[in-house]
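What the coordinates show
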Amino acid sequence: MPKTSSMGRGITAVLAVGARHAAGHPGGTVADIATDLDRDRSQVSRNLRSGEQEGFLIRSSQRTYTLDWSVLTDAQLLTERRLQSDGGTALDTLARGTDEACFLGVLHGDSTVTIGESVPPSSNLVGSWLGRPYPAYCSDAGQAVLWDASETEVRTVFAGVDFVRHGPNTPTGVDDFLARREAAWTRGYSIVDEEAEPGLYSLAVPVRDFKGDVVAALQIVGIKDRLEPRREACAAALVEQGKWLEGRLGYQPQD
C-alpha cells in the first residue's frame, strides 16, 4: 500500500482536531490526537506543530491544540466575494442563454434582497432591483433561499408576518408556503406564479456554499406569457448555472 504523504498526515491531524470539536471536546493534546489516530506521538506532534505554523491550529498554554477559526472566517469572506464575482458570471451566462432577466437574491430577516442582476433589454423588465427587499413569502427567491430550512425555522422567519396579497396567487399563510416549497423539492426548482405581482412568473434554485448552507437563490424572472411556455428549457439552464456557481463556492454534493 502507498504511504501517506507528509502533507496528508498533516491534514489528517488537523481533521482529527476538528473531529474532537465536533464530538464536544475542547481540542486535544498530542497524546489525545495520537490515540485517536493510533499513530506515533512524535510524528503527530510534528504534524500538529506544522498545522499551528500554517495557521490552521492554535496551541493553548495547557498544550491543547484547537482549530484556528480565523480560517473559517477567511473562507466565508472568500465565499462572499465569489458570490458577487462568480455570481455575476452565472447571471450573465444565464441571461444570454434564456434572454430573460436573471437575479441573485439572499435572505434578510423575513425578506429577500437582490444582490446581483443581469437584465437583457429584450426581457421587457424595467428598473433595477439591486438592494431592494421584498417579502420572502411571495418573492421570486423566497422558496429557494429557505430551501433547506426546517418547518420550525420557516415558521420562525414568518412569525408575526401578515401574508398580504401582492398578486392573484400570493400564499395565504405559512402552511401554503410550505406546501409550495414541498412541490418545488419534487420539481428541483421553485415556481413563483403571479405571487409577487400580476403577470410575473419566475423560477429559482438554491445556491449552497462550502459548508453546504444555502446562501443565495439564482432566479429567472419574466412576463408569464413569455416565460411559462419555455419553463422546462429555462429551468434546465437555471439548474446548470446553479450547480456551476455552487462548485465555485466549494460546495460538494453528498452522494
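Data block above holds the structure.
The sections below set out a description of the structure shown in this document. (Residues numbered from 1 in each chain as written. Predicted model: local features only at pLDDT ≥ 70, side-chain atom pairs only at ≥ 80, totals over all residues. Heavy atoms only, no water.)

Attention now goes to a nonpolar patch on the surface. Residues Met7, Ile11 and Leu15 make up a contiguous nonpolar surface patch of roughly 340 Å² in combined accessible area. With respect to the secondary-structure elements, isoleucine 11 resides in helix 1 (residues 6-22). Among the residues examined, isoleucine 11 registers a relative accessible area of 45% and is labelled partly exposed. (Patch = residues over 30% accessible without salt bridge, like charges linked within 9 Å, V, L, I, M, F, W, Y side chains within 5 Å. Areas by Shrake-Rupley, 256 points an atom, 1.4 Å probe, with all protein chains shown as cover. Salt bridge = Lys/Arg side-chain N within 4 Å of Asp/Glu carboxyl O. Helix = DSSP H or I, 4+ residues; strand = E, 2+ residues; numbered from the N terminus. Buried < 20%, exposed > 50% of the residue type's maximum accessible area, 1.4 Å probe, protein only.)

Our next topic: a positive patch on the surface. On the surface, Arg46, Arg49, Arg59 and Arg63 cluster together to form a positively charged patch. Along the chain, the position of arginine 46 falls in helix 3 (residues 41-53). (Lys, Arg positive; Asp, Glu negative; His and termini not counted. Charge placed at Lys NZ, Arg CZ, Asp CG, Glu CD.)

Position of aspartate 140 among the secondary structure elements: in the loop between strand 5 (133-135) and helix 5 (142-145). At 2.9 Å, the side chain of aspartate 140 forms a polar contact with the side chain of serine 202. Residues contacting aspartate 140, with those up to four places away along its chain left out, are Ser190, Val192, Leu200, Ser202, Ala204, Gln219 and Val221. (Polar contact = N/O pair within 3.5 Å; in protein donor to acceptor, adjacent residues only side chain to side chain. Contact = heavy atoms within 4.5 Å.)

To continue, consider the sheet that holds strand 3 (residues 101-108). Pairing is antiparallel across the open sheet formed by six strands, whose spatial order is 5-4-3-8-7-6. Each edge of the open sheet is held by one strand with a lone partner, namely strand 5 and strand 6 (190-193). Each strand axis lies, on average, 35° off the axis of its neighbour in the sheet, ignoring direction. Two strands pair when backbone bridges link them, and strand 7 (residues 200-208) and strand 8 (residues 214-223) are joined in this way by nine bridges, in the antiparallel orientation. Residue pairing in the sheet places arginine 208 in a bridge with valine 214 of strand 8. (Pairing = 2+ DSSP bridges. Axes fitted to C-alpha atoms, helices over the stretch in contact; angles between N-to-C directions.)

Of all eight residues that make up strand 3, six are buried, and the element is covered over most of its length. Here five bridges tie strand 3 to strand 8, and the two strands are oriented antiparallel to one another. If you follow cysteine 102 over to strand 8, its bridge partner there is isoleucine 220. Where strand 3 lies against strand 4 (residues 111-118), seven bridges are found, and the strand directions are antiparallel. The residue of strand 4 that forms the bridge with leucine 104 is glycine 116.

Of the two faces of strand 6, the one lined by Ser190 and Val192 and the one lined by Ile191 and Asp193 are each fully buried. In the sheet, strand 6 pairs with strand 7 via four bridges, with the strands oriented antiparallel. Note that in strand 7 the partner of isoleucine 191 across the bridge is leucine 203. A loop of six residues connects strand 6 with strand 7, the two strands running antiparallel in sequence, and glutamate 194 in this loop sits at a positive phi of about 55°.

Attention shifts here to the nonpolar core. Counting residues in hydrophobic clusters, the biggest one holds 24 residues, and the most contacted among them are Leu104, Leu203, Leu218, Ile220 and Leu238. When residues of this core are traced back to their parent elements, those giving at least two are helix 4 (70-98), strand 3, strand 7, strand 8 and helix 9 (231-248). Among the elements that take part in this core, helix 4 stands out by supplying five residues, more than any other. Excluding its chain neighbours within four sequence positions, the residues that come into contact with leucine 218 are Leu91, Leu94, Phe103, Leu104, Leu203, Ala204, Val205, Val207, Leu238, Gln241 and Gly242. Of all hydrophobic cores here, the second largest spans 19 residues; its members include Ala136, Val145, Val174 and Ala204. (Core = buried A, V, L, I, M, F, W, Y, C linked by side-chain atoms within 4.5 Å.)

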